[in-house]
Amino acid sequence: MTLHLPAADGTLRAYEPRTEPLAFPPGTPFTSRTVFSAAHVVADPFADVTPDSPAAVDWDATLAFRRHLWSHGLGVAEAMDTAQRGMGLDWAGAAELIRRSAAEARAVGGRIACGVGTDQLPAGSPAEIRAAYEEQLAVVEEAGAQAIVMASRALAATARGPEDYLEIYGHLLRQAAEPVILHWLGPMFDPALEGYWGSSDLDAATGTFLEVIAAHPDKVDGVKISLLDAGREVDLRRRLPQGVRCYTGDDFHYPELIAGDDQGFSHALLGIFDPLGPLAAQAVRVLDTGDVQGFRALLDPTVELSGHLFQPPTRFYKTGVVLLAWLAGHQDHFAMVGGLQSARSLPHLARAYELADTLGLFPDPKLAEERMRTLLSLYGVTR
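Please read these numbers as outputs of a predicted model, since none were measured by experiment.

(A) Molecular detail of the pattern of salt bridges. Under the defined criterion, the tally for this structure stands at 20 salt bridges. Two residues, Arg 13 and Glu 354, come together in a salt bridge whose shortest N-O distance is 2.4 Å. Separated by 341 residues along the polypeptide, Arg 13 in strand 2 (residues 12-15) and Glu 354 in helix 13 (residues 346-359) bring together distant segments of the chain. Measuring nitrogen to oxygen at the nearest pair gives 3.2 Å for the salt bridge that ties Arg 130 to Glu 167. Of this pair, Arg 130 sits in helix 3 (residues 126-142) while Glu 167 sits in helix 5 (residues 162-175); the two residues are 37 residues apart in sequence, bridging distant segments of the chain.

Structure, rendered in structure tokens:
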């Protein structure tokens, strides 16, 4: 049946939902690229909480979604910004998420890496920031997961210059039991991270970032770059020490960055691979055979959806991700920790549905249509 979807100008447009999904069966891990999906958390909609309360998580649905990703050969990047770290999920909730997901990964043989930050303190001295990082690193390592060292709001707020980043990151890397992934998250994802690495000049910041890596190449598995600047990522990728991977976090240019060029390629650690999981996994398997054109043919059409979900304010992309998980049947409701389901407009959500449906992302298109119709009716769309 025809859906009438609201546009940004206040009009309704007719849309005919597709009737058949694209079916991608589960599969084994990949051979040519290391690929992580940064996964969202599923809120408990029956918990009596407020946006300021500690997050109430539906653990069964949250872990089931991770098993879905693992079944397609994807790794899970846990407790990252996609899981609403610092936007509804505090450190206590993140620590429980890390422990539960790492145990689930061991049970099913899935790959997992987990975020290490300093979000248990809003600000602090260098000594307090070091201690906060150490506490979180210990939780991740004790859980048996790889560590992803995330950017710190507290460090961005208190650092006097590049030397503070060099000292704190050097201290943490010396303590790490296994090589970690360093995450450079740009201010488009979190405005509090403006000027990270001691400068708002990205060339200067890149120099400091590379200096941290060069001092400890044996403790850095790779770097995740989330600056939404493909040219800068390629330049940085070519300057990394031998053996240090580049994991793209560019949700606008990921097909070309993963495909690479004659001088190298990026691996992937992407929030958009939460809703794209099965399709993205199939594309990488095609790339494993050396078929770059086939890989691009599958993945290039998804960029329009990703660009829509990650449009400014980019940090609210999680709302579209969770909407698509609900429409796809991975959870029974469209509710988010912190009440973040309200962070995007109805026209934005309607367009996300349309783009995802056009791609065939919904395993049951009829279910997605019915749920979208319910959402529209709640907003007063009755046609």
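Picking up where we left off.
(B) Highlighting the sheet that holds strand 8 (residues 220-226). Taken in spatial order, the eight strands of this closed barrel run 3-4-5-6-7-8-9-10, and their pairing is parallel. Neighbour-to-neighbour, the strand axes of this sheet turn through a mean angle of 25°, independent of strand direction. Sheet topology places strand 6 (residues 146-149) next to strand 7 (residues 180-185); two bridges connect them, and they run parallel. Of the residues in strand 7, the one forming a bridge with Ile 148 is Ile 181. Contacting strand 6, strand 7 and strand 8, helix 5 runs over the sheet at an angle of about 155° to strand 7.

(C) Examining the pairing of strand 9 (residues 245-248) more closely. Across four bridges, the pairing between strand 8 and strand 9 is parallel. Opposite Gly 222, over in strand 9, you have Arg 245 as the bridge partner. With respect to chirality, the unit in which strand 8 leads through helix 7 (residues 230-239) into the neighbouring parallel strand 9 is right-handed. Where strand 9 and strand 10 (residues 267-270) come together, two bridges link them in parallel fashion. Bridge assignment links Tyr 247 to a residue of strand 10, and that residue is His 267.

(D) Region of interest: empty space enclosed by the protein. Per the counting criterion, the structure on display carries one cavity of 30 Å³ or more. Forming the walls of the largest cavity are Ala 38, Asp 81, Thr 82, Leu 185, Phe 189, Lys 224, Ser 226, Gly 249, Asp 251, Gly 271, Phe 310 and Tyr 317. Classifying every residue of the lining of the largest cavity gives five nonpolar, four polar and three charged.

(E) Region of interest: the side chain of Asp 357. Looking at the secondary structure, you find Asp 357 in helix 13. It is Arg 18 that comes nearest to the buried, bridge-free Asp 357 among opposite-charge side chains, at 5.5 Å. Not counting chain neighbours up to four residues away, the residues in contact with Asp 357 comprise Tyr 15, Pro 17, Arg 18, Phe 362 and Pro 365.

Reading the values: rules and limits
- Residues numbered from 1 in each chain as written.
- Predicted model: local features only at pLDDT ≥ 70, side-chain atom pairs only at ≥ 80, totals over all residues.
- Heavy atoms only, no water.
- Salt bridge = Lys/Arg side-chain N within 4 Å of Asp/Glu carboxyl O.
- Helix = DSSP H or I, 4+ residues; strand = E, 2+ residues; numbered from the N terminus.
- Pairing = 2+ DSSP bridges.
- Axes fitted to C-alpha atoms, helices over the stretch in contact; angles between N-to-C directions.
- Contact = heavy atoms within 4.5 Å.
- Right-handed = clockwise from strand over helix to strand, strands pointing away.
- 1 Å grid on protein atoms, 1.4 Å probe; cavity = no way out; pocket = protein on both sides within 12 Å on 5 of 7 lines; lining within 4 Å.
- Points joined across faces, edges and corners; volume = space filled by probe spheres on them.
- Nonpolar A, V, L, I, M, F, W, Y, C, P; charged D, E, K, R; others polar.
- Buried < 20%, exposed > 50% of the residue type's maximum accessible area, 1.4 Å probe, protein only.
- Lys, Arg positive; Asp, Glu negative; His and termini not counted.

So, to be careful, I would describe these as geometric facts and stop short of saying anything about function.
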